[in-house]
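Notes for the structure review
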Amino acid sequence: MMTRSANSRFIRGSSNPISSSMGHTNGTSSALGLATTTVTCEPTYGFLPCTTELWGELFLIVVYEYLLALAGQYVSSGSELFFRMFGTGIFGASLFQMLGTFPQVIIMLASAITSSSDTIESMATMGMAMLAGSAIFSLSLVWGSIVAFGSRDFSSSSSSLTSANQSTKKSISLTGSGVETDTETRYIARIMFVSMIPFLILSLAKIINSTSGIRIVVLISLIITLIFLITYCTYQVFKPWIQRKRLQYIRRLHDGDSILESLLTIDGKPSELHIKDIFQKIDQNKDSKVSKTELYAFMLGIQIEEAGLSTDDFTDAVMKQFDVSLDAAISESEFVQGFSKWLDEDTDSTANGLAVQSSSSTSSKTTSNKLQGTSDEQESLLSQDKTSKPTSKLAIWWNYTKAGFLIILGTAVMILIGQPLMESLQEFASAADIPSFFVSYVLIPWAMSYRQILGAISSAKKKTKKDISGAFTEVYNGVFMNNVMGLATFLAIVYIKDITWDVSAEVLVVLLICTFMGIVTSSCTKFQLWTSILAFALYPLSLLFLYILTSVLGWS
């Protein structure tokens, strides 16, 4: 038997313990002369999760995006509730509009304040990409969705709402179908177009080589942007027609259509056929006339007191205004003429707000004063929502408390996740070898604007001129506020922090696409269905354009 013996030696390796604080540190260990390096991460605020793996970063982005969307919904819901309670005025012209851009502003401020000197430039670039992505998202995907879901056959414009919806299902063509807006919406598009001026000034910095020259351009753009913001808010205080359109859109979106919606055609004109049907229902004794007693019963039936009106007073006012023949009864023709006048005045109320009253005669002032009471009651009835505005003090204060709580909660969540979201986006882009501004350009606007696109589609599906105009108004107003308030915040950070920022490719993309859409939307009130395809195409084209400018031409 042969035996073998072997000598063995235990080798004790030396190692450095891996940090347990999850910071971005390196832990090294050696065994048999071989060294390995382990990269760890540090939780934000000491408790938020972190990871160094690609799929882990993607998961964190999904979580943070969900929280951002939830926070944006809280702020938006609280702002809209305040707006519906307060109505038009100073707050409607300023605060309630600015709250719509809170997500962008808070994320930029949070990332700028908490970023180190090594990362603040990249965070600023991602902030600019976020602003650009939000503007392009609204003018391409949201705008195109309104046209796509709101399109109807243009030949059905004179028919009623129901028949028009039926005809829309039967025939849709790229050129014979589309959407139509009122004239005032075109004016808002022109106001949005003006917000391109600061971007144009920033583009001039591309030809300036000196750092001091770029700082001067940034300062000039910042001052002009702030002037636009202040002017826009001040204009709406004295000319609140934009506020009225937004308030009407929000109320219709949340509370449904007014009680007289069935009396309008799809293009917002009075439907004589439906008004006659109402007359026949009121005329109980079928004598082709409506007496005061029958009208009073009708007013009780529609419960106008829920709109804050007196049934007796309103019945007297209607009799006085409708009974042209002064025979103590309203004929069918008088009823149709009176109701049509009411509906026309309600439709044109926004246009009246646009008119510049340069002069007026004494007689017109007297007539206006006499009819003021009736007009106020008429507006209350025409704008009465299915969900009545609370009248008790307890309900009112509950709504105020709820709105304030939602805004505070949403703002707190945004502040909490602002920095870790931007860091996760940056680390994911680095791990996936994707420019970080591309990730910020695409992902953050989707989380912040999903509610906008759902609301726009819901409103557009009604296919009425009023709902289409309201949806477009929200888009144009949102883009303007994004371009001025968001850009003002970004430029203030760049100037105060003295960030070395070259004019990025996003500025040129926003300038080109917003200018193109501004020209189109400010010159037309009808948009054919094929324009939605063009709008949808602008989004991937913007990404392609950014890629060419950054990867091919070497822009920042």
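Residues numbered from 1 in each chain as written. Predicted model: local features only at pLDDT ≥ 70, side-chain atom pairs only at ≥ 80, totals over all residues. Heavy atoms only, no water.

The relative placement of two packed helices is expressed as an angle between their axes plus a distance between the axes. Between helix H5 (residues 120-150) and helix H17 (residues 393-431), whose axes approach to 11 Å, the crossing angle comes to 95°. In this view, H5 runs roughly perpendicular relative to H17, as classed from their interaxial angle. Facing Ser122, Met123, Met126 and Gly127 of H5, the residues of H17 in contact are Met422, Glu423, Leu425 and Gln426. (Axes fitted to C-alpha atoms, helices over the stretch in contact; angles between N-to-C directions. Helix = DSSP H or I, 4+ residues; strand = E, 2+ residues; numbered from the N terminus. Parallel < 35°, antiparallel > 145°, perpendicular 65-115°, else oblique. Contact = heavy atoms within 4.5 Å.)

Within the element layout of this structure, Val324 appears in the loop between helix H13 (311-322) and strand E6 (330-331). A residue is classified by how much of its surface remains accessible, and Val324, at 60% relative accessible area, is exposed. Put simply, Val324 and Phe335 are 11 residues apart on the chain and 9.8 Å apart in space, counted from C-alpha to C-alpha. (Buried < 20%, exposed > 50% of the residue type's maximum accessible area, 1.4 Å probe, protein only.)

The next subject is the packing of aromatic side chains. One pass over the full model with this rule turns up 19 aromatic pairs. Seen in terms of ring centroids, Phe86 and Phe96 are 5.9 Å apart; in terms of plane orientation they differ by 45°. Their pairing is tilted. Of this pair, Phe86 sits in helix H1 (residues 54-86) while Phe96 sits in helix H3 (residues 95-98), placing them 10 residues apart in sequence. The exposure class of Phe96 is buried, given its relative accessible area of 5%. Seen from the ring of Tyr495, Arg215 lies directly overhead, with NZ or CZ sitting 4.2 Å from the centre. (Phe/Tyr/Trp six-rings, centres within 6.5 Å; stacked < 30°, edge-to-face > 60°. Lys NZ or Arg CZ within 6 Å of the ring centre and 35° of its normal.)

So, on to the pattern of salt bridges. Per the counting criterion, the structure on display carries six salt bridges. Between Glu180 and Arg152 there is a salt bridge, and its shortest N-O distance comes to 3.8 Å. Of the two residues, Glu180 is situated in strand E4 (residues 177-180) and Arg152 in strand E3 (residues 152-153); the sequence distance between them amounts to 28 residues. We note that Glu180, like Arg152, is buried. (Salt bridge = Lys/Arg side-chain N within 4 Å of Asp/Glu carboxyl O.)

What follows covers the environment of Phe279. For Phe279, the position within the fold is in helix H11 (residues 272-282). Put simply, Phe279 and Val336 are 57 residues apart on the chain and 8.1 Å apart in space, counted from C-alpha to C-alpha.

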